[in-house]
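The primary structure of each chain is shown beneath.
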Amino acid sequence: MKARPYLIALVLIVLVAGLLVVFRTPGGDLSGQPRTTSPEAAVEAGAGAGDAYYPLDGNSGYDVTLYDLAITYDPASKRLDGVATITATATQDLARFNLDLDALEVSEVRVGGQPAKFATEGEHELVITPSAPLAKDRPFTAVITYGGTPTTINDASLGRSGWQISSTGGAFAAGQPHSATTWFPANDTPRDKAALKVRARVPDGWTAISNGLESPPRREGGWTTFTWTEETPLATYLATVAIDKFEVVRSTLPDGTPVVDAYAPGTSASKKPIQSRLPEVLGFLETKFGPYPQRAAGGIWVADQIGFSLETQTRPIYASWADLETLVHENAHQWFGDSVSLQNWADICLNECLASYSQWLWAEKEGADLDDRYRGRVEELRSRSSFWAPKLYDMGQGNEFRGVYDKGILAVHALRKQVGDDVFFKALRSWAEKHRDSNASWPEFEQHYAEASGQDLTAFFRAWFHESGVPQEQFLLPAGVRR
């Protein structure tokens with residue numbers, strides 16, 4: 001059939017009108033201008049990312065992709081001044097949003113290049129109201145200028161964390177579950193992993209070490225600026241900066257991965273022999289867990305008797321008491337905790353139980369019979385109710401680090417014997433690969449091993465991880481570990 005000319009014109013008009021409708025998408029209009037939202041459609045995103053233990057940690061309504069931090073720190077005055085440029089994407093239409101920041105004073109906030117209103121609420125909420133609502137699915141940039149004397153977080157259950165003054169006169173940031181917000185504004189939840197760039201300006205003679213890869217330092221007017229970039233997304237508590245008169249040693253792993261080791265004054269003589277074994281340790285862990293998941297490696301050795309060492313991403317911070325076993329533990333975290341991050345703090349066994357078991361794997365490499373060690377520990381501790389009391393999953397706020405370092409080792413070895421070595425190690429490697437650079441939960445881990453083994457492990461996991469007390473005999477001494 002042949003159409004008449006005026007009908008063709010009419011069809012063309014209808015088609016063009018339809019295209020105008022189709023291509024006026026949520027991401028923009030035909031003029032190329034970004035989509036906006038009305039104040040009526042926008043919501044006031046509140047504090048809290050949904051963790052049951054720390055309901056006010058983190059925030060809803062947006063997803064951070066990059067923290068770009070420019071800080072100046074003077075060890076003499078202990079003052080820190082910073083500008084944080086945060087790139088994020090709104091996950092809903094936002095009239096306002098929150099960041100977390102402890103104690104430091106904010107002097108200016110700009111969102112999308114425009115001045116924004118801001119106020120502090122509660123203990124650590126920085127509430128930001130942009131000049132115009134933020135549209136869902138659109139990226140935005142918030143620039144926060146802030147400063148003051150950083151504080152240390154003291155928790156009766158978890159100890160000291162965050163910004164800490166070193167005995168050598170410098171300072172460092174470390175701690176979990178909280179640390180980052182003592183030195184920069186952040187969406188302080190492990191669920192929102194983001195890249196990190198740190199430009200730290202310190203007086204000449206001092207050195208600033210952070211995560212990831214370094215750029216050449218820049219010196220001007222008696223100050224030196226050190227730049228570090230970590231492109232692999234990290235949880236905020238794994239971000240660090242350490243400032244001291246460090247001795248810095250640079251090298252590479254066999255595959256060319258850059259290694260930066262930093263030793264605070266007085267630590268290099270005793271700690272260099274330990275840190276020098278890092279390539280050997282990482283090479284061994286790769287045989288168990290799969291390829292090293294980070295772009296850089298190294299360590300920061302402080303001169304202080306802090307109560308922990310911490311797996312700060314790519315470059316753990318080590319207390320003055322740390323030993324080779326600690327080196328193994330913190331670098332196992334580069335897989336379990338850093339690359340694969342927990343979804344909730346109730347899932348902490350994903351980090352600590354697995355990293356603690358790496359210490360036993362290292363001992364096995366050195367000749368230890370782990371089955372003999374396991375049986376001996378079980379018999380030694382069988383009647384010690386306090387040892388078996390902590391739950392390893394959903395243990396309750398403030399109890400996250402009870403049991404995971406000792407009972408957790410026995411639990412993981414029992415799992416290994418329950419499913420057999422072949423399944424255990426294949427599943428461990430596939431777990432690390434499946435969840436690389438993302439988040440996971442303990443229930444997902446249980447399901448992963450049930451599928452890998454073809455066993456119903458419900459009762460086993462309940463006995464070892466969900467309950468207090470000595471596990472039933474068939475789970476306490478699986479067939480694989482019985483004499």
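These lines cover the structure that appears in this document, whether it is placed above or below.

Cut-offs and rules
Residue numbers restart at each chain and count upward from 1, following the sequence in its written direction. Restriction of local features to residues with pLDDT of at least 70 applies here, the model being predicted, together with a cutoff of 80 or more for giving and counting side-chain atom pairs; totals for whole chains, interfaces and linings are based on all residues. Excluded from the side-chain calculation are hydrogens and water; included are all heavy atoms of the structure. Secondary structure elements are defined from DSSP: runs of H or I of at least 4 residues count as helices, runs of E of at least 2 residues count as strands, and each element is numbered from the N terminus. Only C-alpha atoms enter the radius of gyration; for comparison, a globular chain is expected to reach 2.2 Å times N to the power 0.38, where N is the number of residues. Only protein chains enter the accessibility calculation, which uses a 1.4 Å probe. A residue is then buried if its area is under 20% of the maximum for its type, exposed if over 50%, and partly exposed in between. In what follows, a contact means two residues having at least one pair of non-hydrogen atoms within 4.5 Å. All accessible-area figures derive from a Shrake-Rupley calculation using a 1.4 Å probe, and residue coverage is judged against the displayed protein chains alone. Here the rule is simple: two strands pair whenever DSSP picks up at least two bridges between them. Aromatic rings from Phe, Tyr and Trp, taking only the six-membered ring of Trp, are treated as a pair when their centres fall within 6.5 Å; an angle between ring planes under 30 degrees marks them as stacked, one over 60 as edge-to-face, and anything in between as tilted. Placement of a positive charge over a ring is assigned whenever Lys NZ or Arg CZ falls within 6 Å of the ring centre and within 35 degrees of the normal to the ring plane. When two cysteine sulfur atoms are found within 2.5 Å, that pair is recorded as a disulfide. Where helices are involved, their axes are fitted lines through C-alpha atoms of the stretch in contact, as for all axes, and angles between N-to-C directions lie from 0 to 180°. These descriptions rest on fixed angle ranges, namely under 35 degrees for roughly parallel, over 145 for roughly antiparallel, 65 to 115 for roughly perpendicular, and the rest for oblique. Ten residues, namely Ala, Val, Leu, Ile, Met, Phe, Trp, Tyr, Cys and Pro, are considered nonpolar, four, namely Asp, Glu, Lys and Arg, are considered charged, and the remaining ones, Gly among them, are considered polar.

With that settled, consider the overall build of the protein chain. Across its full length, the protein chain holds twelve helices and 23 strands. For the protein chain, the C-alpha radius of gyration of 26 Å lies close to 23 Å, the compact-globule estimate for 483 residues. Judged by the C-alpha coordinates and their principal axes, the protein chain covers about 90 × 70 × 45 Å. Burial statistics for the protein chain: of 483 residues in total, 53% are counted as buried. Relative to all contacts within the protein chain whose residues are 6 or more apart in sequence, the contacts with residues 24 or more apart total 68%. Total accessible area on the protein chain stands at roughly 20200 Å², and carbon and sulfur atoms take up 52% of it.

All right, on to the pairing of strand S7 (residues 117–121) then. Bridging between S7 and strand S8 (residues 125–129) involves five bridges; their strand directions are antiparallel. Bridge pairing in S8 links Phe118 to Ile128. Turn length for the S7-S8 hairpin, with the two strands adjacent in sequence and antiparallel, is three residues, and the turn residue Gly122 shows positive phi of about 65°.

Before going further, it helps to spend a moment on the packing of aromatic side chains. Using the criterion set out here, one finds 26 aromatic pairs in the structure. Consider the rings of Trp183 and Phe184, whose centres lie 4.7 Å apart with planes at 80°: the pair is edge-to-face. Residue Phe184 is classed as buried on the basis of its relative accessible area, which comes to 1%. Feature note: the residues Tyr357, Trp360, Phe424, Phe425, Trp431, Trp442, Phe445, Tyr449, Phe460, Phe461, Phe465 and Phe475 constitute an aromatic cluster, connected by ring pairs. Note that Arg201 overlies the ring of Trp223, its terminal NZ or CZ placed 4.3 Å from the centroid. Seen from the ring of Trp362, Lys365 lies directly overhead, with NZ or CZ sitting 4.2 Å from the centre.

Turning to the state of the cysteines, a few remarks are in order. Counted according to the given criterion, the structure contains one disulfide. Residue pairing for Cys349: its cysteine sulfur links by disulfide to Cys353, the two sulfurs lying 2.0 Å apart. Between Cys349 and Cys353 the disulfide shows an S-S torsion of about -105°. By sign, it is left-handed. Of this pair, Cys349 and Cys353 both sit in helix H5 (residues 349–365), four residues apart, which is roughly one turn of the helix. An identical accessibility class is assigned to Cys349 and Cys353; each is buried.

Moving on, we get to the sheet that holds strand S11 (residues 159–165). Ordered by their spatial adjacency, five strands build an open sheet running S10-S11-S12-S17-S14, and the pairing between neighbours is antiparallel. A strand with exactly one partner marks an edge of an open sheet, and here the two such strands are strand S10 (152–155) and strand S14 (207–210). If you compare each strand with its neighbour and ignore which way they point, the axes differ by 20° on average. Bridging between S14 and strand S17 (residues 241–244) involves four bridges; their strand directions are antiparallel. Counterpart to Ser210 in the pairing with S17 is Val241.

Strand order in this open sheet of four strands is S18-S19-S20-S21, and the pairing throughout is mixed. On the outer flanks of this sheet lie strand S18 (247–252) and strand S21 (317–318), each paired with one strand and no other.

Time to look at the packing of H5 against helix H6 (residues 370–381). The interhelical angle for the contact between H5 and H6, taken along N-to-C directions, is 130°, at an axis separation of 10 Å. With respect to H6, the axis of H5 lies oblique. Taken together, the residues of H6 that come into contact with H5 (itself represented by Tyr357, Trp360, Leu361, Ala363 and Glu364) are Leu370, Arg373, Tyr374 and Arg377. Here the contact of H5 with H6 is built from residues that sort into six nonpolar, no polar and three charged.

We now examine the packing of helix H8 (residues 407–419) against helix H9 (residues 421–434). Running from N to C, H8 and H9 cross one another at 120°; their axes reach a closest spacing of 6 Å. Classified by the interaxial angle, the pair formed by H8 and H9 is oblique. Here H8 contributes Val412, Leu415, Arg416, Lys417 and Val419 to the contact with H9, which in turn contributes Asp421, Val423, Phe424 and Phe425. In terms of residue class, the contact of H8 with H9 is made up of six nonpolar, no polar and three charged.

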